Amino acid sequence: MVAVVVEMNSVKSREAEISVHNQAYEVGESSVSDASDEVAEAKLQKRARLQKELTFQDLYENQELFDEDDDEDGDWDPSQLQKCLEVIKWLCKNCTVDNINDDVCCRICGEHKDSKILSLGHFASPFAPDEDLNEIRPTIKGLRDIDPLESAANSSTAIGFDERMLLHAEVEMKPHPHPERPDRLRAIAASLARAGIFPGRCCSIPAREITQEELMMVHSSEHIESVEVTSKLMSSYFTSDTYANEHSACAARLAAGLCADLASAIVSGRAKNGFALVRPPGHHAGVKDVMGFCLHNNAAVAALAAQAAGAKKVLILDWDVHHGNGTQEIFEQNNSVLYISLHRHEGGAFYPGTGGAHEVGYMGAEGFCVNIPWSRGGVGDNDYIFAFQHVVLPIASEFAPDFTIISAGFDAARGDPLGGCDITPSGYAQMTHMLNALSGGKMLVILEGGYNLRSISSSATAVIKVLLGDSHVCELENSFPSKSGLQTVFEVLDIQNNFWPSLKPIFMNVMSLWKMYCLAKKSKPTKKRRRVIPPMWWRWGRRSFLFHMLNGHLRVKSK
């Protein structure tokens, strides 16, 4: 039903554009072209500007603006519009980049213009339309819910999902769809259905909306009220890139409620582990700030729910490419929650600018905030695995959590238009496998970012396979990090070494590696300059000085 609504809105949008163009064309065709080309071009620019600035609702309610223009366009040349109409563009379903109609595959990600990624997930062919594969429309109704009395021995992986979260979408007409769009969940759900994972091998958990009392433990009353008021507005914005419509508040409450209940079910043993297939994301939402596509902080709600269910210590591992500034703010004075984040930072130049290695927590919680800030883009599996081996796992093991939460943004995946990094599905599976040994396997993975549909669906599927226990994860070969990755890990260890005793031998080892790396760079053989040998007869006469200089017999002493 949601997909139909979205498609109908898209159809109406296209019809509105076409009707405006057709109306202008008919009037122009019946008029006499007496004015110059410059006047015609000015009229066309004015019309395009109005169409760009007004929403489709405005077009409908202010049609007289265009009718009046048409009356003045008796000298308008329709051939100008005809040239514009010849250039037709299509938006890539995978990464939303616009392409010329002559292109069959996306110029950025290579996805075919008729790709069935929304119905087949990452199993769809990226290069040609799939004719032989049957589409699978995942339906969540009628799935087996978790029995409150089910024993831990029979528990399995639980999935949290509700179709009402698809109603959270940007209403305002813009040239490109917003990267945080409902298709993100559709692509993942299609991949899981195609793989027979969900529905099939996983349990569902009944969806409920989080209560205001539960949200008050994480956010301020002003924050909660600012989100709730959007339910009375057709379209609104918290920031230039954080939108809301009349369904957004409900979607955010459902996402937070699912995360809270999944955490409780896992801690109590009614589920082995879980994956929260939710949106809007949450790790940028702080105590009182709504930003970065995030409304309520789902990971923070889940952490407190886990503690209410009996988990004393909670680890939140955030591998989203952006720093989870909201999660850090909520727990930076709490030594019962360890927050570790791996993210692009680039000296604060990468959004949101927070998450430097020196941010370690305060007021008795120093060291319980661990930031691993990459200094550049393009970071891949080797750097992440190296950081896990030398920072994440040693600190997490010493902390000994009772429950583990992964803020799983997949925007550091290869091909993501916003992340610019290079993690593969195998890399995500390896990291999940390494964390699964903590807290007795009690782990909840919560979806955050990720805006390439093929990358996000294949990576999420790989992670859930690890949760199910049927993914044979192989150790990555040649996992030595890049120079910048090694330097980042060394700088983090230099800071966190003051708070975690287990890091001291690791710090000394990494420092040795860093020194060896620097020495190896300096000791690289350099090409020797060819020595000029002067003729022997230069030894006498006025050229004797040059002879001795070129042969190295004389040295110029510096003062």
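Relevant structure appears above.
Presented here is an overview of the structure given in this document. Everything quoted here is computed from the prediction, not taken from an experiment.

How each quantity is defined
In every chain, residue numbers begin from 1 and rise along the written sequence. Under the rules for a predicted model, residues below a pLDDT of 70 receive no local features and side-chain atom pairs below 80 are neither given nor counted, while totals for whole chains, interfaces and linings still include all residues. For the side-chain quantities, the full set of heavy atoms in the structure was used; hydrogens and water were omitted. Working definition of a nonpolar core: buried Ala, Val, Leu, Ile, Met, Phe, Trp, Tyr and Cys residues. They are joined through side-chain atoms within 4.5 Å. For each residue, the accessible area found with a 1.4 Å probe, counting protein chains only, is set against the maximum for its type, and the residue is called buried under 20%, exposed over 50%, and partly exposed in between. Only heavy atoms matter for contacts: two residues are in contact if any of them lie within 4.5 Å across the pair. One side-chain nitrogen of Lys or Arg within 4 Å of one carboxyl oxygen of Asp or Glu is enough to make a salt bridge. Here a strand is any run of E in DSSP of at least two residues, a helix any run of H or I of at least four, and the numbering for each starts at the N terminus. For two strands to be treated as a pair, DSSP must find no fewer than two bridges joining them. Lines fitted to the C-alpha atoms define the axes, with helices restricted to the stretch that makes contact. Angles between their N-to-C directions range from 0 to 180 degrees. In what follows, roughly perpendicular refers to angles from 65 to 115 degrees, roughly parallel to angles under 35, roughly antiparallel to angles over 145, and oblique to any angle outside these ranges. Helix crossings fall into two classes, left-handed where the near helix is turned counterclockwise from the far one by less than a right angle and right-handed where it is turned clockwise. Asp, Glu, Lys and Arg are counted as charged, while Ala, Val, Leu, Ile, Met, Phe, Trp, Tyr, Cys and Pro are counted as nonpolar; the rest, among them Gly, fall into the polar class. Working definition: rings of Phe, Tyr and Trp (its six-membered ring) pair if their centres are within 6.5 Å, and the pair is stacked with planes under 30 degrees apart, edge-to-face with planes over 60 apart, and tilted otherwise. Nitrogen and oxygen atoms within 3.5 Å of one another constitute a polar contact, given that in protein one can donate a hydrogen and the other can accept it, and given that sequence-neighbouring residues count only through two side-chain atoms.

In this structure, F275, W319, F403 and F410 are the most contacted members of the largest nonpolar core, which totals 113 residues. Once you skip the residues sitting within four places of it in the chain, W319 turns out to touch L342, F388, I406, S407, A408, G409, F410, A412, Y428, M431, T432 and V463.

With that out of the way, let us pick up the pattern of salt bridges. This structure, assessed with the given rule, holds 16 salt bridges. The closest approach of N and O atoms between E111 and R454, which form a salt bridge, is 2.8 Å. Pair noted here: E111 is in the loop between β2 (98–100) and α6 (117–120) and R454 is in helix α16 (residues 453–468), with a separation of 343 residues, a long-range link. On the accessibility criterion, E111 (1% relative accessible area) is buried. One salt bridge connects E170 with K174, and the closest N-O pair in it is separated by 3.2 Å. A single network of salt bridges, built from pairs that share partners, joins K89, D98 and R107.

With that out of the way, let us pick up the pairing of strand β10 (residues 369–374). Most of β10 is tucked away: six of the six residues are buried. Neither face of β10 is open: one carries C369, N371 and P373, the other V370, I372 and W374, and all of them are buried. The pairing of strand β9 (residues 337–344) with β10 spans six bridges and is parallel. If you follow L342 over to β10, its bridge partner there is I372.

α16 packs onto helix α7 (residues 183–194) with a crossing angle of 45° between their chain directions and a minimal axis gap of 9 Å. The orientation of α7 with respect to α16, classified from their angle, is oblique. Crossing of α7 over α16 shows right-handed handedness. Between α7 and α16, the contacting residues are D183, R184, A187, I188, S191 and L192 on the first element and L453, I456, S457, A460, T461 and I464 on the second. Of the residues in the contact of α7 with α16, the class split is seven nonpolar, three polar and two charged.

On to the environment of I464. Tracing the backbone shows I464 in helix α16. You can call I464 buried: its relative accessible area is 0%. For the pair I464 and F275, spaced 189 residues apart in sequence, the C-alpha separation works out to 7.2 Å. In contact with I464, other than residues within four places in its own chain, are I159, L192, I197, C202 and F275.

A few words now on the packing of aromatic side chains. Applying the stated criterion to the full structure yields 10 aromatic pairs. Centre to centre, the rings of F368 and F399 are 6.0 Å apart; their planes meet at 75°, and the pair counts as edge-to-face. Linking F368 in the loop between β9 and β10 with F399 in helix α14 (residues 381–399), this pair joins segments that are 31 residues apart in sequence. Judged by its relative accessible area of 3%, F399 is buried. Both rings, one in W514 and one in Y517, keep their centres 6.1 Å apart while their planes meet at 5°; by these two values the pair is stacked. Here W514 and its partner Y517 are both found in helix α18 (residues 503–522), three residues apart, which amounts to about one turn of the helix. W514 gets classed as buried once you look at its relative accessible area, which sits at 15%. An aromatic cluster is built from W319, F410 and Y428, whose rings are joined through pairwise contacts.

Moving on to the side chain of T404. Tracing the backbone shows T404 in strand β11 (residues 403–408). A distance of 3.0 Å separates a polar atom in the side chain of T404 from a polar atom in the side chain of S439. Setting aside chain neighbours within four positions, we find T404 in contact with L315, L438, S439, K442, M443 and L444.

Between two packed helices, both the angle of their axes relative to each other and the distance between the axes serve to describe the pair. Their axes nearest at 9 Å, the elements α14 and helix α17 (residues 483–496) cross at an angle of 10°. Between α14 and α17, the angle falls in the class roughly parallel. Note on element contacts: α17 touches α14 through G485, L486, V489, V492, L493 and Q496, opposite D383, F386, A387, H390, V391 and I395. Within the contact of α14 with α17, the residues separate by chemical class into eight nonpolar, three polar and one charged.

The residue after F198, namely P199, is reached through a cis peptide bond having omega 0°. Of note, P199 is situated in helix α8 (residues 197–201). Its identity is not glycine, yet T96 carries a phi of approximately 70°, on the positive side. If you trace the backbone, T96 turns up in the loop between β1 (89–91) and β2. Take T96: its relative accessible area is 12%, and that puts it in the buried class.

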